[in-house]
Amino acid sequence: MTPALAVRGLGKTFGGGRSLLGRPKPAVHAVRDVSFAVAPGETLGIVGESGCGKSTLARMLVGLLAPSEGSIEIEGKDLSDQTGDPVAFGRLIQYVFQDPISSLNPRKTVRQILEAPLIHLLGLDAAARKARIAELFEAVNLRKEFLERYPHEFSGGQAQRIGIARALAASPRILVLDEPVSALDVSVQAQVLNLLAELREAFDLTYLFISHDLAVVEAVSDRVAVLYFGRVVEMGQAEKIFTAPRHPYTGLLARSAPLIGRPLLRTEAAAAELPDPLNPPPGCAFAARCGRAQDDCRGGPPPLTQLSTDHETACLHPLN
Amino acid sequence: MVTLKLILRNRLAAFGGIVLLAVCCVALLAPLLPLADPDITDPVNRLKRPFSDGALLGTDHLGRDLLSRLIWGTRLSLAVGIAAALIAAFIGSAIGIVAGFYGGRIDDLTMRGIDMLMAFPYILLALAIVAVLGPGLLNALYAVAVVNIPFFARNIRGVTVSIAHREFVDAARLSGMGRLRIIWSEILPNVLPVIVIAMSTTIGWMILETAGLSFLGLGSQPPQADLGSMLGEGRKLLINAPHASIVPGVMIFVIVMSVNLLGDGVRDALDPRLRAGALSRPAAATRVERPSPPAAGKTDALLQVVDLQTEFQVGPRTYKAVGGVDFEVAPGECLGLIGESGSGKSVTALSLLGLVASPPGVIAGGAVRLDGEDTLSMNGEALRRVRGGRVAYVFQDPLATLHPLYRVGDQMVEAIRSHRPLSRQEAWNHSVALLEKVRIPNAAARAKAYPHELSGGMRQRVGIALALVNDPDLVIADEPTTALDVTVQAQVLALLDELRRERNMALIFITHDFGVVAQLCDRVAVMYAGRIVETGPTEEVLAAPRHPYTRRLIACVPELGGGRRALSAIPGLPPPVDALPAGCAFAPRCDKAQNACRQGEVVLQSCGMRAVRCLFPEGATP
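None of these values were measured; they are calculated from a predicted model.

J.: Please explain the domain arrangement of chain A as it appears in this structure.
T.: For interface size, the figure often reported is the accessible area lost on association. All names here are of chain A. Split by domain assignment, chain A resolves into domain 1 (41–62 + 79–221) and domain 2 (227–320). Once you take the C-alpha centre of each, domain 1 and domain 2 turn out to be 31 Å apart. Taken together, the 13 residues of domain 1 in the interface contact 12 residues of domain 2. When domain 1 packs against domain 2, close to 1,000 Å² is buried across both sides, 68% of that on carbon and sulfur atoms. For the pair domain 1 and domain 2, the interface holds 0 salt bridges. On the surface where domain 1 and domain 2 come into contact, there are 3 residue pairs in polar contact (both at pLDDT 80 or more). Sorting the residues of the side of domain 1 that touches domain 2 by element identifies strand E3 (43–47), helix H1 (54–61) and helix H7 (214–220) as the ones contributing at least two each. Among the elements that take part in the side of domain 1 that touches domain 2, E3 stands out by supplying 3 residues, more than any other.

J.: I would appreciate a short explanation of the sheet that holds strand E5 (residues 77–78) of chain A in the present structure.
T.: Adjacent strands of a sheet form backbone hydrogen bonds with each other and so pair up, either parallel or antiparallel. All names here are of chain A. Pairing is antiparallel across the open sheet formed by 4 strands, whose spatial order is E2-E1-E4-E5. Strand pairing shows two members of the sheet lacking a second neighbour, strand E2 (27–38) and E5, which therefore form its edges. Bridge analysis of strand E4 (residues 69–74) against E5 gives 2 bridges, and the strand direction is antiparallel. Across the sheet, Glu73 pairs through a bridge with Asp78, a residue of E5. With respect to the sheet, H1 is in contact with strand E1 (5–15), E2 and E4, its orientation differing from that of E1 by roughly 120 degrees.

J.: Help me out: how do you make sense of unusual backbone geometry in this one?
T.: Excluding glycine, residues mostly have negative phi values, and the peptide bonds linking residues are mostly trans. Pro222(B) connects to Pro223(B) through a cis peptide bond whose omega is 5 degrees. With respect to the helices and strands, the residue Pro223(B) is situated in the loop between helix H8 (179–215) and helix H9 (227–235). One non-glycine residue, Glu179(A), lies in positive phi territory at about 50 degrees. Relative to the helices and strands, Glu179(A) is located in the loop between strand E7 (174–178) and helix H6 (186–203). Given the relative accessible area of 6%, Glu179(A) is considered buried.

J.: How should I be thinking about the nonpolar core in this particular structure?
T.: A general tendency of soluble globular proteins is for nonpolar side chains to be buried together. Leu435(B), Ile464(B), Phe509(B), Leu520(B) and Tyr549(B) are the most contacted members of the largest nonpolar core, which has 66 residues in total. Sequence-distant contacts of Ile464(B), that is, excluding residues within four places in its chain, are made with Val394(B), Val438(B), Val492(B), Leu495(B), Leu496(B) and Leu499(B). The next biggest cluster of nonpolar side chains, apart from the first, holds 65 residues, and it includes Leu193(A), Leu195(A), Val224(A) and Val226(A).

J.: Would you mind going over a nonpolar patch on the surface with me for this structure?
T.: All names here are of chain B. On the surface, Ile87, Phe90, Ile91, Val132, Leu133, Leu138 and Tyr142 cluster together into a nonpolar patch covering about 700 Å² of accessible area. For the nonpolar patch, the elements supplying multiple residues, two or more each, are helix H3 (66–102), helix H5 (122–133) and helix H6 (137–164). Looking at the nonpolar patch element by element, the count peaks at 3 residues for H3. Following the sequence through the fold, Leu138 ends up in helix H6.

J.: What's the story with the domain arrangement of chain B in this structure? I'm lost.
T.: Its domain assignment divides chain B into domain 1 (9–27 + 57–275) and domain 2 (303–546). Taken over C-alpha atoms, the centre of domain 1 of chain B sits 50 Å from the centre of domain 2 of chain B.

J.: Hey, could you run me through the pairing of strand E3 (residues 317–329) of chain B in this one?
T.: Remember that side chains alternate between the two faces of the sheet whenever the strand is regular. Residue and element names in this part refer to chain B. Two strands pair when backbone bridges link them, and strand E2 (residues 303–314) and E3 are joined in this way by 10 bridges, in the antiparallel orientation. Counterpart to Leu303 in the pairing with E3 is Val329. Between the end of E2 and the start of E3, which pair antiparallel, lie 2 residues, with Gly315 showing a positive phi angle near 55 degrees.

J.: I tried to follow the pattern of salt bridges on my own but got confused; where do I start?
T.: One side chain can pair with another of opposite charge once the charged atoms of both are near each other. Residue and element names in this part refer to chain B. If you walk through the whole model with that rule in mind, you get 43 salt bridges over all chains. Ionic pairing is found between Arg290 and Asp374, a salt bridge with its closest N-O pair at 2.6 Å. On the criterion of sequence distance, the pair formed by Arg290 in the loop between strand E1 (287–288) and E2 and Asp374 in strand E6 (residues 373–374) is long-range, its members being 84 residues apart. Where Glu502 meets Lys437, a salt bridge forms, and the shortest distance between an N and an O atom there is 2.7 Å. Here Glu502 is found in helix H19 (residues 486–503), whereas its partner Lys437 is found in helix H16 (residues 424–437), with 65 residues between them in sequence. On the basis of relative accessible area, Glu502 is assigned to the partly exposed category, the value being 47%.

Reading guide: rules and limits
- Residues numbered from 1 in each chain as written.
- Chains lettered and ligands numbered in written order.
- Predicted model: local features only at pLDDT ≥ 70, side-chain atom pairs only at ≥ 80, totals over all residues.
- Heavy atoms only, no water.
- Domains from an automatic or database assignment.
- Contact = heavy atoms within 4.5 Å.
- Buried area = accessible area lost by both parts, 1.4 Å probe.
- Salt bridge = Lys/Arg side-chain N within 4 Å of Asp/Glu carboxyl O.
- Polar contact = N/O pair within 3.5 Å; in protein donor to acceptor, adjacent residues only side chain to side chain.
- Helix = DSSP H or I, 4+ residues; strand = E, 2+ residues; numbered from the N terminus.
- Pairing = 2+ DSSP bridges.
- Axes fitted to C-alpha atoms, helices over the stretch in contact; angles between N-to-C directions.
- Buried < 20%, exposed > 50% of the residue type's maximum accessible area, 1.4 Å probe, protein only.
- Core = buried A, V, L, I, M, F, W, Y, C linked by side-chain atoms within 4.5 Å.
- Patch = residues over 30% accessible without salt bridge, like charges linked within 9 Å, V, L, I, M, F, W, Y side chains within 5 Å.
- Areas by Shrake-Rupley, 256 points an atom, 1.4 Å probe, with all protein chains shown as cover.

Right, dumping it as structure tokens:
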């Protein structure tokens, strides 16, 4: 079966090049050598802490940012020569933003916001647009009278529904959800997550769900990829990856999540910080924080290796 | 409409607007008014005084009627000033938007060009332009417009840069819009208010600059009258016939003053920051307007909060952010205040030491007793001693609460020395010791760092150390780990827990995360719509919540290890705190609500260590 989305060796470097005097400028490798495939109808969770490159990855996937290297293939169609062109991507893959309010232009009505993709991506006429908007609003459970209002009149949860409706407007095959609920309160968060699950069924969508909240990712995903310092360090089934992690970083993440009935974690040394992105370590980026690190970890970046059919990790000395 | 009302509410701006409107009307009606021809000379009647026959404002050195010349001249000056402002705003804004939106090389090139233009004194530049083009009113207009382009370009570029990186611009790109269309339909509507503000504050300048060029003889040419050339002609006769220069001078003053007053009003009304009250300085302590403090109850608690009510009075509306909150904190105890956004948990915390900004905040009732002493009736000096002394705060975003321009060590020294008579060196040593205490590696060196040089986790450690400098009895931590990554959050929580046990320090921990509360707090108070709906020992409340809101909120939180599943949600939204329903605030969303819930007050009923504000609590037999 053709995967809905296939990414090979994707990387993004910011800065770099040479200055006018020929001196090399500092370069930051925000994302390095990321490869994965997502099956149609699947939800791939992407987990990582701030600075791990998850937003850069998401922006490359929807065509907002041109990758420095690698290829993106959607439903078997190679879009590598159209990267950085959201129009080519827009009909296949769309994006839901973290902050629902700031992703809506404060000076446009909801109807104007929803019409934009219908006009520019699909080229629908006025009657068809009206019908499609009614359909979208129905799908995200919003009342029709909201269409003539402005974004500031909505609560976070309602605004996020509008954001989802906009993403769905051009009938894409894949949605990239970048922290879609982290700006929302818990009681509203579940409303939006459940809506997303219904929509996936109804429209046969494929999701990439990016979040820092492990519990949310586990609840909505089939598979999960853990990012650290721009690389995928572990990828596996959602129900196993946090209960039986193989990469020490995944283990640390799982142990750090505050959980009712679990005592506070006091294991990690205080110096635990991300490496300097301008001066990355030659080997495993996690080695400095890792209790299991040995000399060979500091030699070169450990490759992502298959542990079982659906579990990969980039660690030379994986947990049990 | 709202904007117009706001402008008119500002009396000075309204005055300026009325004066300007009157001047403009007169200038516009000039052809219809029964005025003498402004250019007909009549040497016999030269330099007549004002209020003489046939010439209300007198005549000039050629016997021309000054009133007529003044009105026609005002008409011309206004037209030139406004035209120059429009041209400068149009070209300058276009340059600014293009530079700010495209960025990179285009931005560099255009902005360096603008910088070069700005390097010349403006009058010199205007003179040079007129010198090249030749004197004449139209050329003066061009000169004034060109000279003012940089002002608009720089202003608008800055605003555009901030808008071009907003998410809705990305969203527009994903909707398939081209760049020009994005500039036109996404950027421009958001920049327009800034352009209007910039124009309203510069149009007065433009009129002055045009008058200046005419005064120097480079603008309007005789016999054509504008205010500047009238002033220039009158100047030669300043001693003999002062009215010839006073009349146009007063008119320039009136126009520029009214334009500026109105412009300031427009700016205040349109600028969202100013509209939000950035100009009104909050008082040193929250205003307290309570009938009388409730009687002191017998307690050995460190902090006793009784029926605390905090309101925000904005225009005709009153937002009851905190609507009667009671709780106690014993020495060394950790109380978790948990609630969703808008539940009043942060306002409660800030109210304890009068830190809610006033206006618009008002403490409308209740008492906060620290060891029996009411902090709400303390005077400024006593309150200052308590703040950061016995009671200290840790806030959510340490980058916003630490001063960006001072080294972290110096900020700690300042906090110590404003409470205790220590020498600088002693205070510095104490600060370094505390930074070590919060496990900042290489503390002596890090004390000399600026906040931006530290990572988020390190900054929050500094924030905690800063709260500890004066050995507080109570620390109030307002979502201190919300902005941090989970691995860092775990460390900071462990640190807080250790410190409070070691120092027997009481802690009020405000959060929206049940997992955090469970790990850290002895007792928990759940807030909803400005009130505590349930309180009790953390383990008991989490294991067997009594209030339906608590139960359902806990059910909403996904827990790690549960696998893929549908999550439970609470339909609806919390009620707005300026329109709370009668009875229980949760009733509209509650599946157990009955008629009784929607009528009258529901009180917080205690039962042993626990209390719940519900008529039909969970687990009770109906």
